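Below, each chain spelled out in residue letters.
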Amino acid sequence: MRTNSGVRLPSSTKLFIIIFIIRLINAISIQTFFQADEFYQSLEPAHNFVYGYGYITWEWHAKLRSSIHPLIYSLGYMLANENERLIWLIPKVINSLVATITEYQLYRFVQVYSRDSELARITLTLSLLNPFNWYVLTRSFSNNLETCLTVCALRYWPWRGGISNYNWYLSLGFGFLSCIIRPTNVLLWIPLGIWLLGRIRITFAWIASSIFEVIVLFLLSVALDYYFYKELTIPLYNFLEFNVVKNLSVFYGVAPWHFYVLQAIPLMMMLYLPLIVCGLRKDILLLSSLIYLIGFSLIQHKEFRFIMPLQPIFLYYSARGYRKLHRFKKYVPLGLFLNVCIAIFFSNVNERGAVDILHFMKSNKDALFGFLTPCHSTPWQSHLHNPDLRAWFLTCEPPLHLSNPTSSEINSYRDQSDMFYDNPKLFIKENLGSTLHYPDYIIVFAPMKELIESELSNYVLHKQYFNSYFHWDTRRSGDLIIFRKQSESQIE
């Protein structure tokens with residue numbers, strides 16, 4: 001590749017550009033909804049920070065999260081100003097850049113760790129062809145930034161024991177920042193740190209300079225949080241108080257101990273599972289991964305993306321397995337075809353109604369919308385960008401008034417969404433027209449269609465958007481349906 005001036009670009013630069021182009025196409029092409037945190041834990045607080053409006057969930061009021069992640073998108077919004085096309089596009093460019101750095105550094109990490117460039121190329125290829133990565137890696141989750149920082153730290157980690165050059169301080173910096181973004185990432189670094197301490201000669205100067213770097217980075221994060229929250233706060237402390245002292249994370253669901261092994265890893269790796277099994281080796285990466293998995297399995301609240309930082313390690317083992325299974329390489333074209341089909345289905349078909357419906361809201365800016373759906377079922381101001389938006393949806397704040405609640409207290413607490421789904425008829429009777437304004441349009445998922453038709457005779461079916469063939473939450477299954485309020489003359 002040459003620039004216009006005829007200067008040949010380094011091979012590493014060419015590789016980075018190729019990955020970025022692939023991931024930018026990936027980010028722009030995604031048309032589906034995955035999880036609410038993609039918007040409400042990054043884009044919404046960033047949009048609110050820059051423009052002064054955007055939905056702020058309770059986590060940000062409670063200051064549980066580091067400001068670093070939303071501030072990255074805030075810079076993008078500042079560049080976009082009021083250009084709606086750029087407001088939509090720039091976060092996708094940022095996501096593509098994060099994904100590109102992740103995969104480029106994955107390539108370099110495997111190259112350094114294994115001393116095998118061919119294995120590094122196989123690992124990168126498997127990452128680019130992984131349907132889960134196509135579906136998730138270019139979304140604006142903090143877990144993706146955490147994964148990016150983690151693999152950067154792994155790339156510079158002193159695998160051969162040399163701590164006298166700047167690589168150690170790069171690795172320490174990236175690793176510490178990953179823990180600021182998601183404090184649970186420390187589970188990966190504890191065994192790696194102990195392993196390293198057993199292999200090096202420790203000096204006072206090394207300890208002092210490492211501690212100094214950590215303190216400087218921590219103070220910088222505190223300064224950014226002060227800038228973002230407009231007051232002095234330490235999200236790490238708030239996070240630990242909420243999740244450990246109060247143990248309120250269980251409010252958002254409890255999964256069995258085997259969730260990550262039997263559900264998350266198979267979903268993340270799909271057709272690569274046999275490759276992982278064949279490629280495993282007894283090394284510090286495997287030990288660290290097992291400790292990470294055990295630690296997360298002991299936490300009651302579980303989600304697939306919580307173990308995203310292990311994805312680079314899984315891909316490395318998959319690449320090792322690929323090289324071992326020579327006799328199965330004739331099935332590579334079939335595997336490639338299946339991966340592409342899976343990626344397209346989840347990225348462009350299943351759960352697209354939650355995004356498509358925003359086009360209807362944009363074309364009816366003056367209308368009042370009401371969502372009788374589970375909380376945060378669609379993106380919000382980061383996609384609508386409407387300071388005069390008239391809309392409401394059911395909320396789902398946890399019982400913040402409880403400290404160290406019992407399981408019975410958690411189960412008995414009902415948020416607004418729970419109250420609606422516990423008794424939809426009673427909820428509509430008691431709340432619509434009082435605590436919730438009668439909207440011009442009511443949006444529900446398919447299971448609530450008959451209820452609206454029977455209980456609200458002044459609303460008629462106006463539009464229906466395909467959303468999903470299946471869904472893990474039965475309340476969100478089927479199409480998204482818009483009911484329009486009739487005027488009195490139309491009713492007569």
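Cut-off values and rules
Note on numbering: residues in each chain are counted from 1, in written sequence order. Residue-level local features of this predicted model are given only where pLDDT is at least 70; pairs of side-chain atoms are given and counted only at 80 or more, and the full residue set underlies all totals for whole chains, interfaces and linings. Remark: hydrogens and water are excluded; side-chain values derive from all non-hydrogen atoms of the structure. Each helix is a run of DSSP H or I of at least 4 residues and each strand a run of E of at least 2, with the numbering of both proceeding from the N terminus. Radius of gyration means the value over C-alpha atoms here, while the globule rule gives 2.2 Å times the residue count to the 0.38 power. Each residue gets one of three labels from its accessible area relative to the maximum for its type: buried under 20%, exposed over 50%, partly exposed in between, using a 1.4 Å probe on protein chains only. Reported accessibility uses the Shrake-Rupley method at a 1.4 Å probe radius. Residues are deemed covered only where the shown protein chains occlude them. Charged-residue counts in this description rest on Lys and Arg as positive and Asp and Glu as negative, His and the chain ends being excluded. To locate a charge, take NZ of a lysine, CZ of an arginine, CG of an aspartate or CD of a glutamate. In protein, a polar contact requires one atom able to donate a hydrogen and another able to accept it; more generally it is a pair of N or O atoms within 3.5 Å, and residues adjacent in sequence count only if both atoms are side-chain atoms. Each pair of strands is called paired provided DSSP finds at least two bridges between the two strands. UniProt positions are given in the numbering used here, feature names are shortened, and annotations may be inferred rather than shown by experiment. A fitted line through C-alpha atoms serves as each axis, taken over the contacting stretch for helices, and the angle formed by two N-to-C directions is quoted from 0 to 180°. Residue contacts are counted whenever heavy atoms from the two residues lie within 4.5 Å of one another. Residue ranges for the domains originate in an automatic or database domain assignment. Here the quantity called buried area is the total loss of accessible area, with a 1.4 Å probe, experienced by two parts when brought into contact, counted for both. The term salt bridge refers to a side-chain nitrogen of Lys or Arg lying within 4 Å of a carboxyl oxygen of Asp or Glu. Amino acids outside the nonpolar list (Ala, Val, Leu, Ile, Met, Phe, Trp, Tyr, Cys, Pro) and the charged list (Asp, Glu, Lys, Arg) are all regarded as polar, and Gly is one of them. The span you would expect from a helix comes to 1.5 Å times its residue count less one. What is called the bend at a residue is the angle between a pair of axes, fitted to the seven residues leading up to and ending at it and to the seven starting from it.

> With reference to specific residues and values, describe the overall build of the protein.
A count of helices and strands for the protein gives 24 helices and 5 strands. A compact globule built from 492 residues should have a C-alpha radius of gyration of about 23 Å, and the protein, at 24 Å, falls within 12% of that. When the 492 residues of the protein are sorted by exposure, 53% land in the buried category. Put simply, the protein shows about 22900 Å² of open surface, and 62% of that area lies on carbon and sulfur atoms. Looking at charge distribution, the protein has the averaged site of its 42 positive side-chain charges lying 16 Å from that of its 34 negative ones.

> Describe the environment of glutamate 397, listing the residues and the values that go with them.
Positionally, glutamate 397 belongs in the loop between β2 (390-393) and α20 (407-412). Distance in space between the C-alpha atoms of glutamate 397 and serine 210 is 40 Å, their sequence separation being 187 residues. In terms of polar contacts, glutamate 397 uses its side chain to reach the side chain of threonine 395, at 3.2 Å.

> Break down the pairing of strand β1 (residues 368-371) for me, citing the residues and quoting the values.
Consecutive side chains along a regular strand alternate between the two faces of the sheet. Burial along β1 is two-sided: Leu368 and Gly370 and Phe369 and Phe371, pointing in opposite directions, are all buried. The sheet contact formed by β1 and β2 spans 4 bridges and is parallel. Counted as the bridge partner of leucine 368 is arginine 390 from β2. The pairing of β1 with strand β3 (residues 441-445) spans 3 bridges and is parallel.

> With reference to specific residues and values, describe the UniProt feature "transmembrane region" (unreviewed entry) in the protein.
Sites flagged by UniProt as "transmembrane region" (unreviewed entry) map to residues 12-34, 168-197, 204-229, 249-272 and 284-300. For residues 12-34, the end-to-end C-alpha separation is 33 Å, with 78% helix and 0% strand making up the annotated structure. Across residues 204-229, the secondary structure splits into 100% helix and 0% strand, with the terminal C-alpha atoms separated by 37 Å.

> Before we move on, could you go through the sheet that holds strand β5 (residues 480-485) and cite the residues and values that matter?
Strand order across the open sheet formed by 5 strands is β2-β1-β3-β5-β4, with mixed pairing between neighbours. Lying at the two open borders of the sheet, with one neighbouring strand each, are β2 and β4 (459-465). Adjacent strand axes in the sheet meet at a mean angle of 20 degrees when their direction is disregarded. Where helix α18 (residues 353-363) meets the sheet, its contacts fall on β1, β2, β3, β4 and β5, and the angle it forms with β4 comes to roughly 120 degrees.

> Residue-level account of the domain arrangement of the protein, with values.
Under the domain assignment used here, the protein contains domain 1 (12-349) and domain 2 (352-485). Inter-centroid distance (C-alpha atoms) of domain 1 to domain 2 is 31 Å. On the side of domain 2, 33 residues touch domain 1, which itself brings 32 residues to the contact. Regarding the contact of domain 1 and domain 2, the summed buried area is about 2800 Å², with carbon and sulfur atoms giving 65% of it. One can count 1 salt bridge joining domain 1 with domain 2. We note a salt bridge from lysine 365 to glutamate 84, for which the minimum N-O separation is 3.9 Å. Breaking the side of domain 1 that touches domain 2 down by element, the ones donating at least two residues are α2 (37-51), α5 (84-114), α12 (235-245) and α17 (332-348). Ranked by residues supplied to the side of domain 1 that touches domain 2, first place goes to α2 with 6 residues. Its residues assigned to classes, the side of domain 1 that touches domain 2 shows 21 nonpolar, 7 polar and 4 charged.

> Let's hear about the environment of isoleucine 21: which residues, and what values?
By the element assignment, isoleucine 21 lies in helix α1 (residues 11-29). Judged by relative accessible area, isoleucine 21 falls into the partly exposed class, the value being 46%. Remark: the alpha-carbon pair of isoleucine 21 and threonine 100, spanning 79 residues in sequence, is separated by 8.8 Å.

> Would you mind going over α2 in detail, with residue names and values included?
Taking 1.5 Å per residue as the helical rise, α2 with its 15 residues ought to reach 21 Å, and the 20 Å between its terminal C-alpha atoms agrees with that figure. Approximately 35 degrees is the largest bend angle found in α2, and it occurs at leucine 43, with the proline proline 45 only one to four residues beyond. For α2, the tally of buried residues reaches 13 of 15 residues, placing the bulk of the element in the interior. Where α2 terminates, the next one or two residues include glycine 52, which has phi positive at roughly 90 degrees.

> An account of the side chain of lysine 302 is requested, with residue identities and associated values reported.
Relative to the assigned elements, lysine 302 resides in the loop between α15 (284-298) and α16 (311-324). No salt bridge is formed by the buried lysine 302, whose closest oppositely charged neighbour, glutamate 303, lies at an N-O distance of 12 Å. Within the structure, the side chain of lysine 302 is placed 3.2 Å from the backbone oxygen of serine 297, a separation counted as a polar contact. Among the polar contacts made by the side chain of lysine 302, one reaches the main-chain carbonyl oxygen of isoleucine 299 at a distance of 2.7 Å. Every residue in contact with lysine 302, bar those within four places of it in the chain, is listed here: Ala255, Pro256, Trp257, Phe259, Tyr260, Phe296 and Ser297.

> How would you sum up the pattern of salt bridges? Please name residues and give values.
Counting across every chain of the model gives 15 salt bridges. The closest approach of N and O atoms between arginine 414 and aspartate 422, which form a salt bridge, is 2.8 Å. What makes aspartate 422 partly exposed here is its relative accessible area of 46%.

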